[in-house]
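Examining the three-dimensional arrangement
The residues making up each chain are set out below.
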Amino acid sequence: MSRYENLEGDKHVLTASNKTARSLVLNRPQALNSLTLPMVKAIMRHLEDWEKSELCNVVVLRSNNEKAFCAGGDVVQVSKTWKSGAHAQAMEFFRKEYRLNHYIASYAKPLVAMIGGYTMGGGVGLSVHAPFRVATESSVFAMPETKIGFFPDVGATFFLSRLDGETGTYLGLTGQQLRGRDLLYAGIATHYVPSERLPNLELRLAELDSPNYDIVNEAIEEFAAQPEDLGKLDYSLAGVRGSIDRCFRFKSMESIIEALKHETENREWAQRTIKVLEEMSPSSLKLTLEQLHQGTHLDITQALALELHLAEKRLGSHDMHEGIDALLVRKTKDPKWDPPTIAEVDMDDLFTDYFASPVSSAPVFKKIDARFTEYPHKFGLPTETDVMNLVTGKNPQAGDFMRTREEVINFFGREFAGKVGVVRKVGWILDRKTRVAYDGDALEWIKQV
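To continue, consider the sheet that holds strand β9 (residues 140-142). If you trace the 4 strands from one edge of the open sheet to the other, you get β5-β7-β9-β10, paired in mixed fashion. Strands at the two margins of the open sheet, each flanked by one partner only, are β5 (68-70) and β10 (178-179). Of the pairings in the sheet, the one linking β5 to strand β7 (residues 118-120) comprises 2 bridges and is parallel in character. If you follow Ala-68 over to β7, its bridge partner there is Tyr-118.

With that out of the way, let us pick up unusual backbone geometry. Of note, the bond from Asp-338 into Pro-339 is cis; its omega dihedral lies within 30 degrees of zero at 0°. On the secondary structure map, Pro-339 appears in the loop between α15 (318-329) and α16 (347-354). A positive phi is found at Lys-19, a non-glycine position, where the angle reads about 55°. On the secondary structure map, Lys-19 appears in the loop between β2 (13-18) and β3 (21-26). Residue Lys-19 is classed as exposed on the basis of its relative accessible area, which comes to 58%. Unlike most non-glycine residues, Val-154 shows phi in positive territory, near 50°. With respect to the helices and strands, the residue Val-154 is situated in the loop between β9 and α5 (156-159).

So, about the nonpolar core. Ranked by size, the top nonpolar core spans 120 residues in total, and within it Leu-47, Phe-94, Tyr-98 and Leu-126 carry the most contacts. The next biggest cluster of nonpolar side chains, apart from the first, holds 19 residues, and it includes Val-60, Phe-132, Val-216 and Phe-223.

A cluster of like negative charges, contributed by Asp-346, Asp-348, Asp-349 and Asp-353, occupies part of the molecular surface. Assignment of secondary structure puts Asp-349 in helix α16.

Here the focus is the side chain of Gln-291. With respect to the helices and strands, Gln-291 occurs in helix α13 (residues 282-295). For Gln-291, a relative accessible area of 0% corresponds to the buried category. The contacts of Gln-291, once residues within four sequence positions are left out, are Phe-151, Pro-152, Ala-156, Thr-157, Glu-307, Leu-310 and Phe-355.

A full pass over the atoms with the stated rule returns 17 aromatic pairs. A ring pair is formed by Phe-150 and Phe-151, whose centres lie 4.4 Å apart and whose planes are at 40°; its orientation type is tilted. Here Phe-150 and Phe-151 have matching classes, each one buried. Members of the aromatic cluster, joined through ring pairs, are Phe-93, Phe-94, Tyr-98, Phe-150 and Phe-151. Directly above the ring of Phe-158 sits Arg-162, whose terminal nitrogen or CZ lies 3.8 Å from the centroid. Across from the ring centre of Trp-428, 5.1 Å away, lies the NZ or CZ of Arg-432, which sits over that ring.

Remark: helix α1 (residues 37-52) packs on helix α3 (residues 87-105), axes separated minimally by 10 Å, with the N-to-C direction vectors making an angle of 30°. Here α1 is positioned roughly parallel relative to α3, judged by the angle of their axes. The crossing of α1 and α3 is left-handed. Within the contact between the two elements, α1 uses Leu-37, Val-40, Lys-41, Ile-43, Met-44, Leu-47, Glu-48 and Glu-51 and α3 uses Glu-92, Phe-93, Lys-96, Glu-97, Arg-99, Leu-100, Tyr-103 and Ile-104.

The rules behind these values
- Residues numbered from 1 in each chain as written.
- Predicted model: local features only at pLDDT ≥ 70, side-chain atom pairs only at ≥ 80, totals over all residues.
- Heavy atoms only, no water.
- Pairing = 2+ DSSP bridges.
- Helix = DSSP H or I, 4+ residues; strand = E, 2+ residues; numbered from the N terminus.
- Buried < 20%, exposed > 50% of the residue type's maximum accessible area, 1.4 Å probe, protein only.
- Core = buried A, V, L, I, M, F, W, Y, C linked by side-chain atoms within 4.5 Å.
- Patch = residues over 30% accessible without salt bridge, like charges linked within 9 Å, V, L, I, M, F, W, Y side chains within 5 Å.
- Areas by Shrake-Rupley, 256 points an atom, 1.4 Å probe, with all protein chains shown as cover.
- Salt bridge = Lys/Arg side-chain N within 4 Å of Asp/Glu carboxyl O.
- Lys, Arg positive; Asp, Glu negative; His and termini not counted.
- Charge placed at Lys NZ, Arg CZ, Asp CG, Glu CD.
- Contact = heavy atoms within 4.5 Å.
- Phe/Tyr/Trp six-rings, centres within 6.5 Å; stacked < 30°, edge-to-face > 60°.
- Lys NZ or Arg CZ within 6 Å of the ring centre and 35° of its normal.
- Axes fitted to C-alpha atoms, helices over the stretch in contact; angles between N-to-C directions.
- Parallel < 35°, antiparallel > 145°, perpendicular 65-115°, else oblique.
- Left-handed = near helix turned anticlockwise from the far one by under 90°.

In structure tokens form, the structure reads like this:
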């Protein structure tokens with residue numbers, strides 16, 4: 001049976017060993033497992049040891065608290081440290097945290113993150129780069145950094161910019177929460193497993209006699225659950241995805257706000273979204289939008305290196321400390337942003353301050369040669385790009401691109417070995433993005449504006 005160990009006095013990161021599986025268990029429940037520098041160092045140390053161990057085939061990362069996987073990093077302490085004048089010490093947290101994010105993204109063994117409960121900020125960085133991310137009915141995902149005057153970090157430059165359509169831009173700017181199966185359909189999670197099945201899943205993973213990624217995937221799929229309503233896509237963004245793509249496709253915040261004002265298909269949603277954006281730090285919004293646009297052409301190392309550069313710049317700003325103080329310290333929720341409005345944030349000045357200087361990635365990251373522009377392992381649901389490539393003939397393995405709806409769905413059903421959620425998501429994408437060609441039953445891709 002598994003047993004917990006408290007290594008080197010670090011009570012907030014426990015470990016468990018069971019046959020060929022090793023588990024990291026976050027154990028800081030009073031702070032919803034918010035990451036501290038000692039926790040980051042402990043996680044890194046264990047992962048390094050297990051990557052080299054021939055006795056370890058798979059690593060599980062989970063929480064000891066049903067309420068939260070990890071609600072973020074301890075930014076209150078980071079802000080206090082910076083304001084005390086210990087700038088290098090404050091930056092050490094981000095340097096070590098981003099190094100850990102990068103290491104997880106390039107880890108040499110299967111890593112399974114069980115992300116039940118709140119998974120925000122730093123918790124997203126611990127999980128989203130892993131090849132396997134298991135959501136449950138209690139999962140709550142968000143990147144709410146613009147609300148505290150910061151920007152979506154821990155690799156958000158990379159992963160948000162690669163979500164379907166403008167989903168990542170919307171999530172990064174608004175801090176919108178996703179829950180339960182939302183994470184699977186958005187591409188944040190690779191699997192959905194009810195929380196009551198997780199202990200047995202962990203035992204199943206311990207029985208695997210090979211660090212083979214496909215075998216791990218099959219083992220997790222054994223515990224995946226079908227939705228109660230097989231005919232419905234249980235995805236909270238489904239009804240507004242077209243509006244998200246229309247309104248958040250622009251390169252300036254002014255244009256996004258203007259598009260929201262004129263959105264007619266989901267008028268109430270658009271008005272709520274404007275009010276949400278008005279609560280955020282205006283400079284954070286413009287910074288985040290530029291960051292995510294740059295992220296589309298950066299590899300994982302470049303993305304995290306950019307974030308480290310931006311973090312140091314942002315620590316020197318007014319808004320980050322004001323946001324942390326108003327939201328997390330005095331809890332009055334009345335930050336005084338400077339500048340106070342989007343119109344008053346000069347984009348040319350912001351670009352010069354944050355993006356004009358060259359960014360170096362050495363010697364921060366352990367595996368500096370990890371330069372992928374797409375995650376090396378793909379065990380989540382098909383993306384819109386996957387479906388588009390098949391319909392338009394850009395998938396070299398698919399042959400003739402003149403395909404019917406049934407043929408497209410069957411293709412992905414075979415390619416993903418009957419994975420739970422594939423048929424519903426692909427069908428939903430086809431409903432939104434294709435139409436039957438005028439000369440037959442084959443589908444053609446349509447560009448929606």
